[in-house]
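# Close look at the chain arrangement
Listed below are the residues making up each chain.
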Amino acid sequence: MYENPKLLLDPSKPIEPGQFTWRSPSNLAIVKYWGKYDVQLPKNPSLSLTLAASCTDTMLEFTQIENTSGQIQLDFFFHQEENEAFRARTLRFLEQLRPIFPFLQQLHLSIHSGNSFPHSAGIASSASSMSALALCLCSLEDALFGTLSDPKAFDQKASYLARLGSGSACRSIFSHAAIWGLTNAVPGSSDEYAVPFGDELHDQFKNFHDDILIVSSDEKAVSSSVGHALMDGNPFAEPRYAQARARLTTLIDAMKSGDLETFGKIAEDEALALHALMMCSNPSYMLMKPGTLAIIEKVRQYRADSGNPVYFSLDAGPNIHLLYPGDIIHEVRAFIDDQLLEHCENQYVQQDWVGEGPEEM
Ligand code: DP6
């Protein structure tokens, strides 16, 4: 939808070298995206909280090159070191964007990227890294052509580009919360990009915490892209997509009105549905570990005993996201220290919370 052959530099008007830096966060889906078609188009709509502490900083430097060979020229540094694997992956992504950004082949690009969380912690970085890169590319387009001065148009295009890199990344563009995927519940929603949901969110959720309990940082046995693909032969796929659509509608109402109980029930049911789908895939697989189950049981017991609204979520991995409102942080942190740390690898917890979204540095 964004193809534009006119976005080419005029070789007779050389441009100054420049750079853009964006810090972009990860996000946690409450209703999950699991199953896709074409290039990361979701089989069902999803809703996520935008995080604050788990971020990627990406700097994109550009210089004009005189004789274009038709190749996109790219260097990639991750935490100050050249990284060939990331370079190759990013180059494939940029190649895919050529019809949208034909000017990329007229530039030499250097990317310096780094995460705010330990690389080895087992926290997925595709959402933060792809969204940070997408934002840099939109800043570049606007600087060269002045075509993205409208903030809404800028965010929408950044979300669209981020999605092409990694589906869930399209939701990281917006503050507090975002909805991705066509749904009757949200006018203007789309499979192609996410839309903001932060403005409609009840204040309860703007002060929410998500402490990520690292049960294992081992590389996953089955990647998310393989997991999505396995949904195609999954006998529960269609009922699952219907379930997600129905839950999204209920969740939207709960998050507008501040209904914590409904929010928490959907968050936990979605996490378990995601992992149930993995167990029902062919071949079947399991990403939860004994520590994951131990924590889930303790969270449910703690909630029953204390009455505190503390809920768990899971991504496609063994680590637990502990969700709770900020006003009970001291009690919950004590609970984590007393009962949950023993299940965490190196007792590591990545503390996070709902945030304001990406910022240009
Ligand atoms: C379980 O966005 O990582 O985190 O589109 O193939 O890059 P690709 O997959 P990805 O899948 C994320 C799945 C999830 C749920 C979610 O974030 O909605």
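Residues numbered from 1 in each chain as written. Predicted model: local features only at pLDDT ≥ 70, side-chain atom pairs only at ≥ 80, totals over all residues. Heavy atoms only, no water.

In total, this model carries 15 salt bridges according to the counting rule given. We note a salt bridge from D57 to R23, for which the minimum N-O separation is 2.7 Å. You can see D57 sitting in strand 4 (residues 46–64) and its partner R23 sitting in strand 1 (residues 18–31), a full 34 residues away along the chain. Residues R240 and E270 are paired through a salt bridge, measuring 2.7 Å at the closest nitrogen-oxygen approach. Placement of the pair is R240 in helix 6 (residues 237–257) and E270 in helix 7 (residues 260–279), with a sequence separation of 30 residues. (Salt bridge = Lys/Arg side-chain N within 4 Å of Asp/Glu carboxyl O. Helix = DSSP H or I, 4+ residues; strand = E, 2+ residues; numbered from the N terminus.)

Its place among the elements puts R171 in the loop between helix 3 (151–165) and strand 8 (177–180). The buried charged residue R171 lacks any salt bridge partner; its closest oppositely charged side chain belongs to D315, at an N-O distance of 6.3 Å. Polar contacts involving the side chain of R171 include one to the side chain of S48, which spans 3.1 Å. When residues no more than four places from it in sequence are discounted, the contact partners of R171 are N27, A29, Y33, S46, S48, T50, A178, W180 and A194. (Buried < 20%, exposed > 50% of the residue type's maximum accessible area, 1.4 Å probe, protein only. Lys, Arg positive; Asp, Glu negative; His and termini not counted. Polar contact = N/O pair within 3.5 Å; in protein donor to acceptor, adjacent residues only side chain to side chain. Contact = heavy atoms within 4.5 Å.)

The pairing of strands in a sheet comes from backbone hydrogen bonds and takes either a parallel or an antiparallel form. On the basis of which strands lie adjacent, the open sheet formed by four strands has the order 11-12-10-13 and antiparallel pairing. At either end of the open sheet lies a strand with only one pairing partner, and these are strand 11 (311–314) and strand 13 (349–353). Neighbouring strand axes in the sheet, compared pairwise and without regard to direction, differ in orientation by 25° on average. Two strands pair when backbone bridges link them, and strand 10 (residues 208–213) and strand 12 (residues 320–325) are joined in this way by six bridges, in the antiparallel orientation. Across the sheet, the residue bridging to D211 is L322, located in strand 12. (Pairing = 2+ DSSP bridges. Axes fitted to C-alpha atoms, helices over the stretch in contact; angles between N-to-C directions.)

It is worth spelling out the pairing of strand 10 at this point. Summarising burial for strand 10: six of the six residues are buried, a large majority. Neither face of strand 10 is left uncovered, since the one carrying F208, D210 and I212 and the one carrying H209, D211 and L213 both have all their residues buried. Judged from the five bridges that link them, strand 10 and strand 13 form a sheet pairing that is antiparallel. Bridge pairing links D210 to D352 in strand 13.

Per the domain assignment, the segments of the protein chain are domain 1 (18–199) and domain 2 (203–359). For domain 1 and domain 2, the distance between their C-alpha centres works out to 24 Å. Every contact between the two is made by 43 residues of domain 1 and, on the other side, 49 residues of domain 2. Interface area, domain 1 with domain 2, both sides summed: about 3800 Å², of which 68% is carbon and sulfur. Put simply, domain 1 and domain 2 have one salt bridge between them. (Domains from an automatic or database assignment. Buried area = accessible area lost by both parts, 1.4 Å probe.)

Taking 1.5 Å per residue, 20 residues should reach 28 Å; helix 7 reaches 29 Å between its end C-alpha atoms and fits that length. Here helix 7 starts with a cap whose side-chain oxygen sits 3.3 Å from the backbone nitrogen of E261, and that cap is D259. (Expected span 1.5 Å × (residues − 1).)

Neighbouring the ligand are 15 residues; Y33, K36, S166, S168 and R171 lie closest to it. Y33 has a polar side-chain atom sitting 2.7 Å from an oxygen atom of the ligand. At 2.7 Å from an oxygen atom of the ligand is found a side-chain nitrogen or oxygen belonging to K36. Protein burial of the ligand: of its 460 Å² of free accessible surface, 90% is covered by the chains. (Near = heavy atom within 4 Å. Areas by Shrake-Rupley, 256 points an atom, 1.4 Å probe, with all protein chains shown as cover.)

The next subject is the pairing of strand 1. With 11 of 14 residues buried, strand 1 lies mostly within the body of the structure. Here 12 bridges tie strand 1 to strand 4, and the two strands are oriented antiparallel to one another. If you follow P25 over to strand 4, its bridge partner there is C55. Here two bridges tie strand 1 to strand 14 (residues 359–360), and the two strands are oriented antiparallel to one another. The residue of strand 14 that forms the bridge with R23 is E359.

All chains considered together, the criterion is met by 12 aromatic pairs. Aromatic side chains Y2 and Y160 sit 4.8 Å apart centroid to centroid with 75° between the ring planes, which places their arrangement in the edge-to-face category. One end of the pair, Y2, is in the segment before strand 1; the other, Y160, is in helix 3, with 158 residues separating them in the sequence. An aromatic cluster of at least three residues, connected via ring pairs, comprises F76, F78 and F86. Sitting over the face of the ring of Y160, R163 holds its NZ or CZ atom 5.1 Å from the ring centroid. (Phe/Tyr/Trp six-rings, centres within 6.5 Å; stacked < 30°, edge-to-face > 60°. Lys NZ or Arg CZ within 6 Å of the ring centre and 35° of its normal.)

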